[in-house]
Amino acid sequence: HKIFILNVNEDISLFCNESIQRTLQYSARISFLDDLVKSGRAEWVDSTKAKCIIYWKKIEEWADAISTFSAMYGLSDSVMTIEELISSDSTRDTSFYEMDRTVMMKVLAFLESRGKVKIFQGANYDEEGVKFL
């Protein structure tokens, strides 16, 4: 599984090498992630820089993947819940399967701004969805 939301304070394998018992210092972690942010491959969740959204692909690339999926399966004028889009059997073989919901919502907002989808709010979290246009 890819990490989409990275907690800077967690000692994950990206920051630690247990075989030599070394850990990247906090300031180096911030510097590394700042460089990812500058390149458009990450975004700080807030100004505290405690958590960072990692973009394994740029938003536009994720949007292309979702648009391709929609076209391949003839989903024009179809509706899916956000959960279905992230974790259903129909998306299992896609690059966005099990994508973090925060990242998915940013991708869908991008697609909505381009007139490719319409995001709608449900009565609760599980009923949020998207209509492919």
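Refer to the structure presented above.
Scope of this entry: the structure provided in the associated data block.

In spatial order, the strands read S1-S5-S4; together these three strands make up an open sheet with antiparallel pairing. Of all strands in the sheet, those bounded by a partner on one side alone are strand S1 (5–7) and strand S4 (42–44). Pairs of neighbouring strands in the sheet enclose a mean axial angle of 25 degrees, with direction left out of account. Here S4 runs beside strand S5 (residues 51–54); their pairing, made up of three bridges, is antiparallel. Bridging from a neighbouring strand, Glu 43 pairs with Ile 53 of S5. Packing against the sheet, helix H1 (residues 26–38) makes contact with S1, S4 and S5, and its axis sits at approximately 115 degrees to S4.

Here we come to helix H4 (residues 101–113). Across its 13 residues, H4 extends 18 Å between first and last C-alpha, which sits within 8% of the 18 Å expected from 1.5 Å per residue. Among all positions of H4, only Arg 101, Val 103, Met 104, Val 107, Leu 108, Phe 110 and Leu 111 are buried. Of the surrounding elements, those touching the buried residues of H4 are S5, helix H2 (59–72), helix H3 (82–87), strand S7 (117–120) and strand S8 (129–132). The backbone nitrogen of Thr 102 has a side-chain oxygen 2.9 Å away, supplied by the residue at the start of H4, namely Asp 100.

The rules we used
- Residues numbered from 1 in each chain as written.
- Predicted model: local features only at pLDDT ≥ 70, side-chain atom pairs only at ≥ 80, totals over all residues.
- Heavy atoms only, no water.
- Pairing = 2+ DSSP bridges.
- Helix = DSSP H or I, 4+ residues; strand = E, 2+ residues; numbered from the N terminus.
- Axes fitted to C-alpha atoms, helices over the stretch in contact; angles between N-to-C directions.
- Contact = heavy atoms within 4.5 Å.
- Expected span 1.5 Å × (residues − 1).
- Buried < 20%, exposed > 50% of the residue type's maximum accessible area, 1.4 Å probe, protein only.
- Polar contact = N/O pair within 3.5 Å; in protein donor to acceptor, adjacent residues only side chain to side chain.

Limitation: the analysis is restricted to geometry and does not speak to function.
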